[in-house]
2 protein chains.
Amino acid sequence: MKKKTTIKDIANVLKITPSAVSRALHNHPRISDKTKAAVKKVAKELEYQPNQLASALRSGKSKLVGVIVPRTNSHFFSSVVENMEEELNKKGYNVIFTQSNESYDKECRNIETLLQTQVDGIIASLTNETVDFSHYEKIKAKEIPLILYDRGDNDIGVDYIGIDDYKSSHIVVDHMVEQGCKRIAHIAGYRHTRIYNNRIKGYIDALEKHNLPLEKELILEGDLTVEGGRQKMEELLKLPQRPDGVYAAGDYAALGALQVLLENNIKVPEEIALVGFSNEPFTSLVTPAISTIYQHNEQIGKLVAKQFLKREKDKTWKPQLNKIILDAELIVRASSKKKE
Amino acid sequence: MKKKTTIKDIANVLKITPSAVSRALHNHPRISDKTKAAVKKVAKELEYQPNQLASALRSGKSKLVGVIVPRTNSHFFSSVVENMEEELNKKGYNVIFTQSNESYDKECRNIETLLQTQVDGIIASLTNETVDFSHYEKIKAKEIPLILYDRGDNDIGVDYIGIDDYKSSHIVVDHMVEQGCKRIAHIAGYRHTRIYNNRIKGYIDALEKHNLPLEKELILEGDLTVEGGRQKMEELLKLPQRPDGVYAAGDYAALGALQVLLENNIKVPEEIALVGFSNEPFTSLVTPAISTIYQHNEQIGKLVAKQFLKREKDKTWKPQLNKIILDAELIVRASSKKKE
DNA sequence: TATATTTGTTCAATCGTTTGAGCAAATGTA
DNA sequence: TACATTTGCTCAAACGATTGAACAAATATA
């Protein structure tokens with residue numbers, strides 16, 4: 001039943017006041033080096049652990065950052081979060097982490113609870129459902145930093161870190177053309193989600209750049225699940241003239257497509273080349289390994305954390321749209337290597 | 001620059017004291033229904049949000065639970081955490097979540113920071129490295145609930161929730177024998193990790209149960225990575241007499257084994273059946289889909305949360321070893337279906 | 001009617017730390 | 001020597017909520 005030691009205990013031992021102890025521990029210039037040393041020694045002896053709650057209450061800073069993640073069972077998000085945490089921990093912040101599970105309601109509730117917990121800032125990526133952004137205004141009203149990543153680039157008018165989806169499609173198409181593809185199909189996500197729309201636009205413009213004709217029946221919008229990928233691939237195989245390359249806007253869809261191709265004894269990449277998107281771990285594990293777009297997960301995590309720390313420091317900053325867009329990177333694997 | 005409303009503000013509006021407001025909000029029996037209603041009305045009007053920090057400081061309860069996860073980029077852990085969070089949120093707890101990244105040092109630091117944040121309890125799964133448990137004694141000393149899951153069953157003498165690894169091996173071997181396997185190899189994890197040791201013991205005893213001879217060269221210990229699985233599988237293929245079934249103690253190793261089998265044009269499951277462990281998502285995605293052990297991720301998450309809530313409620317509880325062991329479930333897929 | 005009990009509230013201390021103001025002693029400046 | 005500045009600390013009031021004790025008013029009991 002041993003009590004936690006407080007600054008008061010340290011003060012008693014040294015016959016000074018708690019205020020002096022507090023200042024000593026924070027290296028206040030008006031405390032003598034002698035006292036500082038003595039305080040720190042006693043603090044160590046008594047195993048003093050500052051009570052963050054008390055300090056948070058008094059100073060108004062909880063040293064907690066709230067993070068909202070759409071899902072954790074995606075490699076992209078979990079590695080983003082991992083790096084964010086690391087960076088923030090270094091600066092003495094802890095991360096409270098919540099999942100929205102792609103549900104708008106849950107996202108709203110997450111914001112509620114995070115604000116209630118008096119977090120010093122919020123880092124979020126929107127759910128696919130989110131089209132109304134009023135709940136984010138609450139955060140802005142509290143005047144704490146709000147940083148978005150991956151989803152929600154233009155929506156709320158704050159800092160945003162993500163990759164360039166439009167350009168990513170260019171990179172993919174450039175690569176496939178370079179490998180000899182002449183008719184590239186696109187298994188796309190739904191247009192109403194901005195990132196998928198950008199990928200579609202990038203795909204279209206890249207075709208034009210390479211003087212390839214745009215064929216409507218080669219763009220197939222759908223949900224990017226394994227099953228979705230299978231269906232779209234089957235449709236593509238039924239076309240009078242088959243494509244010689246397939247660019248899927250998601251890895252799961254790419255996997256579904258690959259399964260169908262292999263089941264039909266179509267050689268990948270010789271007959272049809274395949275590229276996915278996101279660098280989910282399994283892409284390197286299947287045979288043939290799937291080429292895909294790597295979104296710099298780690299770097300996004302770190303950049304988000306740094307942006308938060310920057311905003312947190314500068315009290316005068318007023319929220320405004322500020323995008324940091326990273327170039328994605330193509331990882332070329334067997335599924336798209338027609339040439340050696 | 002609008003200030004947050006406090007109970008004091010509500011008190012001023014109604015010309016009563018903050019204590020009355022506090023009690024009204026908590027439905028204290030000695031506050032009249034009239035006052036309660038009035039307080040709640042004003043609270044709503046002023047958009048009152050209780051300051052958790054203040055309440056935590058005074059009451060000594062932060063309503064935060066610290067969770068330590070070895071890694072998040074594993075499907076098992078992320079779904080465990082997801083369900084844990086949901087269950088705890090329901091009861092008004094927030095989750096502070098930290099990763100140890102399988103590093104002992106990081107684990108120690110995680111505990112430090114969690115304790116510093118004054119969490120009401122800690123939920124943890126040990127890293128593979130952890131063999132010294134003294135840092136966990138600190139948690140026990142603080143007399144806050146400590147619940148372990150998946151890793152660390154007997155080590156610390158507290159509540160533990162996990163699956164029965166020994167029995168899981170029996171289930172796997174039973175199934176393979178039933179499918180007609182006569183010589184089952186085991187690509188095992190290192191014995192010094194308890195769960196892997198239990199899987200090995202289960203494998204051995206199950207063979208005996210089925211009157212199958214135990215052949216030393218069919219047990220191959222190693223790290224259960226894709227590459228590790230590949231190597232072990234290659235060793236197995238070099239044996240004078242090949243096994244007709246392979247039970248890998250991890251899905252990644254199973255995948256590596258599968259790759260080698262397919263590269264050698266060995267028919268799976270006809271010539272060699274294959275079973276993995278953990279139900280990582282990719283096991284259902286590869287061809288043939290890999291049979292594996294499902295660890296009831298969701299249920300473990302929920303049970304851990306419930307156990308925490310139970311301990312949190314009962315102040316008189318003294319930590320003692322208390323294991324909840326779930327039976328794992330075999331998911332039979334193509335890779336082990338020799339019979340129809 | 002006098003006393004006991006219940007009801008509804010106020011009072012004041014407290015959780016542990018931070019922080020502006022205050023003040024004496026030490027040091028610097030003229 | 002006299003005054004200004006700096007140094008090193010103390011004092012006391014916060015931060016916002018909770019809680020045991022106190023107390024007046026209302027109600028019940030004898």
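Relevant structure appears above.
Cut-off values and rules
Residues numbered from 1 in each chain as written. Chains lettered and ligands numbered in written order. Predicted model: local features only at pLDDT ≥ 70, side-chain atom pairs only at ≥ 80, totals over all residues. Heavy atoms only, no water. Core = buried A, V, L, I, M, F, W, Y, C linked by side-chain atoms within 4.5 Å. Buried < 20%, exposed > 50% of the residue type's maximum accessible area, 1.4 Å probe, protein only. Contact = heavy atoms within 4.5 Å. Phe/Tyr/Trp six-rings, centres within 6.5 Å; stacked < 30°, edge-to-face > 60°. Helix = DSSP H or I, 4+ residues; strand = E, 2+ residues; numbered from the N terminus. Lys NZ or Arg CZ within 6 Å of the ring centre and 35° of its normal. Near = heavy atom within 4 Å. Polar contact = N/O pair within 3.5 Å; in protein donor to acceptor, adjacent residues only side chain to side chain. Nonpolar A, V, L, I, M, F, W, Y, C, P; charged D, E, K, R; others polar. Expected span 1.5 Å × (residues − 1). Pairing = 2+ DSSP bridges. Axes fitted to C-alpha atoms, helices over the stretch in contact; angles between N-to-C directions.

Counting residues in hydrophobic clusters, the biggest one holds 144 residues, and the most contacted among them are I123(A) and I123(B). Apart from the residues lying within four places of it in its own chain, the contact partners of I123(B) are V65(B), G66(B), V67(B), I68(B), M84(B), L88(B), I147(B), Y149(B), V304(B) and F308(B). By size, the runner-up hydrophobic cluster in this structure holds 36 residues, among which are I111(A), V119(A), I139(A) and L148(A).

Attention now goes to the packing of aromatic side chains. When we look at a pair of aromatic rings, we describe it by the centre distance and by the angle of the planes. Scanning the model with the defined rule gives nine aromatic pairs over all chains in all. Centroid distance F76(A) to F77(A): 5.1 Å. Interplanar angle 65°. Geometry classified as edge-to-face. Judged by relative accessible area, F76(A) falls into the buried class, the value being 4%. Measuring from ring centre to ring centre gives 6.2 Å for F77(B) and Y149(B), while their planes differ by 75°; the resulting arrangement is edge-to-face. Of the two residues, F77(B) is situated in helix α5 (residues 75–90) and Y149(B) in strand β4 (residues 146–149); the sequence distance between them amounts to 72 residues. Among the aromatic residues, those joined into a ring-pair cluster are F76(A), F77(A) and Y149(A). Over the ring of F277(A) we find R199(A); its NZ or CZ atom is 3.5 Å from the centre of that ring. When the ring centre of Y93(B) is taken as origin, the NZ or CZ atom of K63(B), which lies over that ring, is 4.3 Å away.

Take the protein's contact with DNA strand C next. Taken together, 24 residues are adjacent to DNA strand C, and I7(A), Y48(A), R58(A), T17(B) and T35(B) come closest. Considering the 4 Å shell around the protein, atoms of DNA strand C inside it are sugar or phosphate in 49% of instances. Measuring from a phosphate oxygen of DNA strand C, one finds a backbone N or O atom of I7(A) at 2.7 Å. Class assignment for the residues of the surface near DNA strand C results in eight nonpolar, 10 polar and six charged.

Next up on the list: helix α11 (residues 251–263) of chain B. Residues and elements named next belong to chain B. Here α11 is 13 residues long and its end C-alpha atoms lie 18 Å apart, about the 18 Å a rise of 1.5 Å per residue gives. Residues of α11 that are buried include every one of D251, A253, A254, L255, G256, A257, L258, Q259, V260 and L261, and no others. Each element contacted by the buried residues of α11 is listed here: β6 (184–188), α10 (226–238), β8 (245–248), β9 (273–275) and β10 (292–294). N265 occupies a position one or two residues after α11 and carries a positive phi of about 55°.

Let us look at the environment of Q307(B). Along the chain, the position of Q307(B) falls in helix α12 (residues 297–313). When neighbours within four sequence positions are excluded, Q307(B) is seen to be in contact with I147(B), D159(B), I161(B), N322(B) and I324(B).

All right, on to the sheet that holds strand β9 (residues 273–275) of chain A then. Residue and element names in this part refer to chain A. The sheet built from four strands is open, its strands ordered β7-β6-β8-β9 with parallel pairing. Strand pairing shows two members of the sheet lacking a second neighbour, β7 (219–221) and β9, which therefore form its edges. For this sheet, the mean angle separating the axes of adjacent strands, direction not counted, is 15°. Relative to β9, strand β8 (residues 245–248) is paired through three bridges, and the arrangement is parallel. Across the sheet, the residue bridging to V246 is L274, located in β9. Contacts from helix α9 (residues 194–209) reach β6 (184–188), β7 and β8, with the element oriented near 170° to β6. Along the sheet face, helix α10 (residues 226–238) touches β6, β7 and β8 and points at about 150° away from the line of β6.

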